[in-house]
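A look at the structure
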Amino acid sequence: MSTPRANIEVLPRSVQFSLALGLAALLLFPVVGSDFYVQMVTRMMIMAIFAMSLDLLQGVTGLVSLGHAAYFGVAGYALAFLTPADMPVSLWWSLPLAVAVSGLVALVIGFFVVRTHGIYFIMVTMAFAQMVFYLFFDNKVLGGSDGLYINFRPDAALFGWLPFDLEGRKTFYYFTLALVVLVYVLLRRLLWSPLGRALAGIRINEHRMRAMGFGTRGYKLTAFTIAGALAGLAGYLWGAQTGYVNPELMGFHMSAHAIMMVILGGMGNFAGAIVGAFAFEYLLHVFKDISKHWQLMMGGFIVLVVVAAPRGLLGMFAQPGVAKASEGSHHG
């Protein structure tokens, strides 16, 4: 069965060139930036991965989740539990394990939530996230409301050879940047794959997809699991950078922040999620310095963007394109 045609955002050359300039600026930034700003931009990149993971659900598949932060927090806690008190844990097995744990949690929760639609899907995702939140918040064994400290960043040593040391701020910065680029490339590749086209078809008209023989629940569960695993990658990096995790990482406000990042940048092409994450974190920093009523200012700015640029900051320059039909077959 051929995959249906689906509208997929095509980035014009001007935007591609701007993104290339942005990458070049990120590569050079640690050379001129102070340690404070290097850490701030590192945080922005971590949130960019988090936003891209949600964009796979919200922008590509059309599933709005108010509980996406649960997987972000689970991976951070996984790193905290895996790291001994007196020595660092190995990066090479703790990272995939933490991501796998987040993906597994997303798979279990997704098994139930993909059976719902619309507002019910939104509410059920939030309900499950609140369950995970209170599991950690009310359990002293899991750190309770105080959270857990991570005394060391993961060790990148491989058979006695240390290719890079994540304890260094600049090294951790470039490691995070490499993962941002890798996640972006993989997701863009997925976007144009038969799976990505099927997910886009579900967003446009799920009933028609089912009529064509596609098992839409399976596709949505796949997207939900991948998105949860990628959110876990961001959560792992967050825990490694800050050295501290608490239940607030799983709270509703973190999920809401990710939604605002995706909306702010523009949904469905992943570059918009990156732009939205950088813009949101920067504005957060600026508004907090200006006024204690920064939430009001941020909310007003988001409303202004939605009214003036419904397709987001990046969407003001991108032109919609239509993907060519895949030559292969795809079965539901």
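Here, every reference points to the structure presented above.
In what follows, the accompanying structure is described. Values in this document were obtained by computation on a predicted structure and should not be read as measured data.

Summarising the element assignment, Ser102 is placed in helix H4 (residues 91–113). With near-sequence residues (within four places) excluded, Ser102 lies in contact with Tyr71, Val74, Ala75, Gly228, Ala229 and Gly232.

With that settled, the discussion passes to the packing of helix H1 (residues 13–32) against helix H2 (residues 35–61). Closest axis-to-axis distance for the H1/H2 pair is 9 Å, and the angle between their directions is 155°. Taken as axis vectors, H1 and H2 run roughly antiparallel relative to one another. Between H1 and H2 the crossing geometry is left-handed. Contacts from Leu26, Phe29 and Pro30 of H1 reach H2 at Tyr37, Val38, Val41 and Met45. Grouping the constituent residues of the contact of H1 with H2 by class yields 7 nonpolar, no polar and no charged.

Below, the discussion takes up helix H3 (residues 69–82). The end-to-end C-alpha distance of H3, which contains 14 residues, comes to 20 Å, matching closely the 20 Å that a straight helix rising 1.5 Å per residue would cover. When H3 is considered as a whole, its buried residues turn out to be Ala69, Ala70, Tyr71, Phe72, Gly73, Val74, Ala75, Gly76, Tyr77, Ala78, Leu79 and Ala80.

A word on a nonpolar patch on the surface. On the surface, a nonpolar cluster with roughly 730 Å² of combined accessible area is contributed by Leu23, Leu27, Leu28, Val31, Val32, Tyr174, Val181 and Val185. Elements with a contribution of two residues or more to the nonpolar patch: H1 and helix H6 (169–191). For the nonpolar patch, the leading source of residues is H1, giving 5 residues. The residue Val181 is located in helix H6 in this model.

Criteria and thresholds
Residues numbered from 1 in each chain as written. Predicted model: local features only at pLDDT ≥ 70, side-chain atom pairs only at ≥ 80, totals over all residues. Heavy atoms only, no water. Helix = DSSP H or I, 4+ residues; strand = E, 2+ residues; numbered from the N terminus. Contact = heavy atoms within 4.5 Å. Axes fitted to C-alpha atoms, helices over the stretch in contact; angles between N-to-C directions. Parallel < 35°, antiparallel > 145°, perpendicular 65-115°, else oblique. Left-handed = near helix turned anticlockwise from the far one by under 90°. Nonpolar A, V, L, I, M, F, W, Y, C, P; charged D, E, K, R; others polar. Expected span 1.5 Å × (residues − 1). Buried < 20%, exposed > 50% of the residue type's maximum accessible area, 1.4 Å probe, protein only. Patch = residues over 30% accessible without salt bridge, like charges linked within 9 Å, V, L, I, M, F, W, Y side chains within 5 Å. Areas by Shrake-Rupley, 256 points an atom, 1.4 Å probe, with all protein chains shown as cover. Salt bridge = Lys/Arg side-chain N within 4 Å of Asp/Glu carboxyl O.

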